[in-house]
Amino acid sequence: MTAKKKPKVYITRKLPDAVETRMRELFEAELNIDDAPRTRDEIAAAMKTADVLVPTVTDRIDEALIAEAGPQLKLIASFSNGFDHIDVDAAARKGITVTNTPNVLTEDTADMTVALILAVNRRLVEGSRILTDRPGDWAGWSPTWMLGRRIWGKRIGIVGMGRIGTAVARRAKAFGLSIHYHNRKRVNPATEEELEATYWDSLDQMLARVDIVSVNCPSTPATFHLLSARRLALMQPSAIIVNTARGDIIDEAAMIQLLRDGRIAGAGLDVYQNEPVVNPKLVKLANQGRVVLLPHMGSATIEGRIDMGDKVIINIRTFFDGHRPPNRVLP
Ligand code: DGY
């Protein structure tokens, strides 16, 4: 009996050692040891010879790139939950299956969302920087100094009540927030009851009533600038916005203007419209203590990355065993 040929798998970024070791055992794996992002030309060349491409959110796998792929490329097994960086329709047209790594980033991303809510409302980064950037400047405790906004008893409005939105709601409830949400459709009654959540069919109406807006929906053509200039202007001047989803869901320029004008109190951002470029106006606002900025690290835990790698491996193995991979993304 001849041994089954191992699929040739091209991985665009450095992955955790344990994941790479397993990939080497199972596949003819071309790894990225130094983690330098692969150029478009390098990825295009790989797509002419590899059976599987393993991209991440930093790679734009668009229609033109997919059109250039060789006929041997059968699977794009993305090392990511989101798949807005892949033209899934173009892949389907070319007979290429696309998979992602859902479920394993949910809790970590929800944790980071709550961390940003706390950081913005309780001025965590600003406070820490007083001690680290200007040591000796602290004159001691004062009743009127470094006052933030209370979280307990306020209202959170979650935009997108999928897995991550629901995990944020569970945490928010424990922090004494009342839960409001907007979603394409209502979540099941048991979840609504558990979270004591109020559903808003109208996003506009919800935005006008909440103290914290948390963006947790995927980036799709329908959610591009969902938080438009007009909608952001509906928020209360004391309200903050937190985004751990994708930068293009918010009209970033409009949000910056509203923050500068004091028409929104603050923002906690993990994602940006033109990553990895961050608008310098946002950096200025961060230096003024109005916003907290993180470099897209919502899902960045050791455990999460290993779980993502496991999912990629299962998707590839299942596909080459002739079955439907568990995390197939449909066009
Ligand atoms: C994803 O996988 O979609 C995340 O944004 C990366 O952390």
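Residues numbered from 1 in each chain as written. Predicted model: local features only at pLDDT ≥ 70, side-chain atom pairs only at ≥ 80, totals over all residues.

Enquirer: Residues and numbers for the UniProt feature "domain: D-isomer specific 2-hydroxyacid dehydrogenase NAD-binding" (unreviewed entry) in the chain, please.
Expert: As annotated by UniProt and renumbered to match this structure, "domain: D-isomer specific 2-hydroxyacid dehydrogenase NAD-binding" (unreviewed entry) occupies residues 114–298. The straight-line gap between the two end C-alpha atoms of residues 114–298 is 10 Å; of that span, 35% is helix and 15% is strand. (UniProt positions renumbered as here; feature names shortened; annotations may be inferred. Helix = DSSP H or I, 4+ residues; strand = E, 2+ residues; numbered from the N terminus.)

Enquirer: So what's going on with the site of the ligand? Residues and values would help.
Expert: Contacts to the ligand come from Val 57, Ser 80, Asn 81, Gly 82, Leu 105, Gly 298 and Ser 299. Among the residues making up the shell around the ligand, the classes are represented as 2 nonpolar, 5 polar and no charged. (Near = placed C-beta within 6 Å. Nonpolar A, V, L, I, M, F, W, Y, C, P; charged D, E, K, R; others polar.)

Enquirer: Outline the domain arrangement of the chain, supporting the account with residue identities and numerical values.
Expert: Along its sequence, the chain is carved into domain 1 (8–104 + 302–320) and domain 2 (106–293). Of note, the centres of domain 1 and domain 2, computed from C-alpha atoms alone, are 31 Å apart. With 4 residues of domain 1 at the interface, the matching set in domain 2 holds 7 residues. A class-by-class count of the residues in the side of domain 1 that touches domain 2 yields no nonpolar, 3 polar and 1 charged. (Domains from an automatic or database assignment. Contact = placed C-beta atoms within 7 Å.)

Enquirer: Tell me about the pairing of strand E1 (residues 8–11), residues and numbers included.
Expert: On a regular strand, each side chain points to the face opposite its neighbour's, so the side chains alternate between the two faces of the sheet. Of the strand pairs in this sheet, E1 and strand E2 (residues 28–30) are connected by 3 bridges, and their pairing is parallel. Paired with Val 9 across the two strands is Ala 29, which belongs to E2. Between the parallel elements E1 and E2, the chain passes through helix H1 (residues 17–26) in a crossover that is right-handed. Looking at chain direction, E1 and strand E3 (residues 52–54) are connected through 3 bridges and run parallel. Across the sheet, residue Tyr 10 finds its bridge partner in E3, namely Leu 53. (Pairing = 2+ DSSP bridges. Right-handed = clockwise from strand over helix to strand, strands pointing away.)

Enquirer: Can you tell me about the UniProt feature "domain: D-isomer specific 2-hydroxyacid dehydrogenase catalytic" (unreviewed entry) in the chain, naming the residues and giving the values?
Expert: Per the UniProt record, "domain: D-isomer specific 2-hydroxyacid dehydrogenase catalytic" (unreviewed entry) is found at residues 18–329. This span, residues 18–329, is 38% helix and 12% strand, and a straight line between its end C-alpha atoms measures 25 Å.

Enquirer: Provide a residue-level description of the sheet that holds strand E4 (residues 75–77), including the pertinent values.
Expert: A sheet is described by the order of its strands in space; here 5 strands give the open sequence E2-E1-E3-E4-E5, paired in parallel fashion. If you trace the sheet from one side to the other, it starts and ends with E2 and strand E5 (97–99), each paired once. Neighbour to neighbour, the strand axes of the sheet diverge by 20° on average, direction disregarded. Bridge analysis of E4 against E5 gives 3 bridges, and the strand direction is parallel. By the bridge assignment for E5, Ala 77 is matched with Thr 99. Helix-sheet contacts for helix H13 (residues 302–320) involve E1, E3, E4 and E5, and the interaxial angle to E4 is about 160°. (Axes fitted to C-alpha atoms, helices over the stretch in contact; angles between N-to-C directions.)

Enquirer: Got a sec to walk through the packing of H1 against H13? Specific residues and values, please.
Expert: At a closest axis distance of 9 Å, the pairing of H1 and H13 adopts a crossing angle of 15°. With respect to H13, the element H1 is oriented roughly parallel. As for the relative orientation of H1 and H13, their crossing is right-handed in sense. Counted together, Ala 18, Val 19, Arg 22, Met 23 and Leu 26 of H1 and Ile 306, Gly 309, Ile 313 and Arg 317 of H13 form the full contact between these two elements. Residues belonging to the contact of H1 with H13 are distributed by class as follows: 6 nonpolar, 1 polar and 2 charged. (Parallel < 35°, antiparallel > 145°, perpendicular 65-115°, else oblique. Left-handed = near helix turned anticlockwise from the far one by under 90°.)

Enquirer: Lay out the pairing of strand E10 (residues 240–243) in plain terms, naming residues and giving numbers.
Expert: The two faces of E10 match: Ile 240 and Val 242 on one face and Ile 241 and Asn 243 on the other face are all buried. With 4 bridges connecting them, strand E9 (residues 212–215) and E10 associate as parallel partners. By the bridge assignment, Val 215 is partnered in E10 with Asn 243. Taken together, E10, helix H11 (residues 252–260) and strand E11 (residues 266–269) constitute a β-α-β crossover, and its handedness is right-handed. (Buried ≥ 20, exposed ≤ 12 C-beta atoms within 10 Å, placed from the backbone.)

Enquirer: Can you tell me about the sheet that holds strand E12 (residues 291–293), naming the residues and giving the values?
Expert: The parallel open sheet is built from 7 strands, whose spatial order is E8-E7-E6-E9-E10-E11-E12. Two strands close off the open sheet at either side, each with one partner strand: strand E8 (198–199) and E12. Pairing geometry for strand E6 (residues 155–159) and strand E7 (residues 178–182), over 5 bridges, is parallel. Directly across from Arg 155, in E7, lies its bridge partner Ser 178.

Enquirer: Help me get a handle on the nonpolar core, residues and values and all.
Expert: With 51 residues, the main nonpolar core has Val 213, Val 215, Val 242, Ile 264 and Ala 267 as its most contacted residues. Top element by residues in this core is helix H5 (residues 106–121). It accounts for 7 residues. Beyond its immediate sequence surroundings of up to four residues, Val 213 is in contact with Gly 157, Val 159, Leu 207, Met 235, Ala 239, Ile 241 and Val 242. Residues Val 52, Leu 75, Met 308 and Phe 319 belong to the second largest nonpolar core, which totals 35 residues. (Core = buried A, V, L, I, M, F, W, Y, C linked by C-beta atoms within 7 Å.)

Enquirer: Just give me the short version of the packing of H5 against helix H7 (residues 163–174), but keep the residues and values in it.
Expert: Relative orientation of the contacting elements H5 and H7 amounts to 50°, with a least axis distance of 8 Å. Between H5 and H7, the angle falls in the class oblique. Considering only the axes of H5 and H7, their crossing is right-handed. Every residue of H7 that contacts H5 at Thr 106, Glu 107, Thr 109, Ala 110, Thr 113 and Val 114 is listed here: Arg 163, Ile 164, Ala 167, Val 168 and Arg 171.

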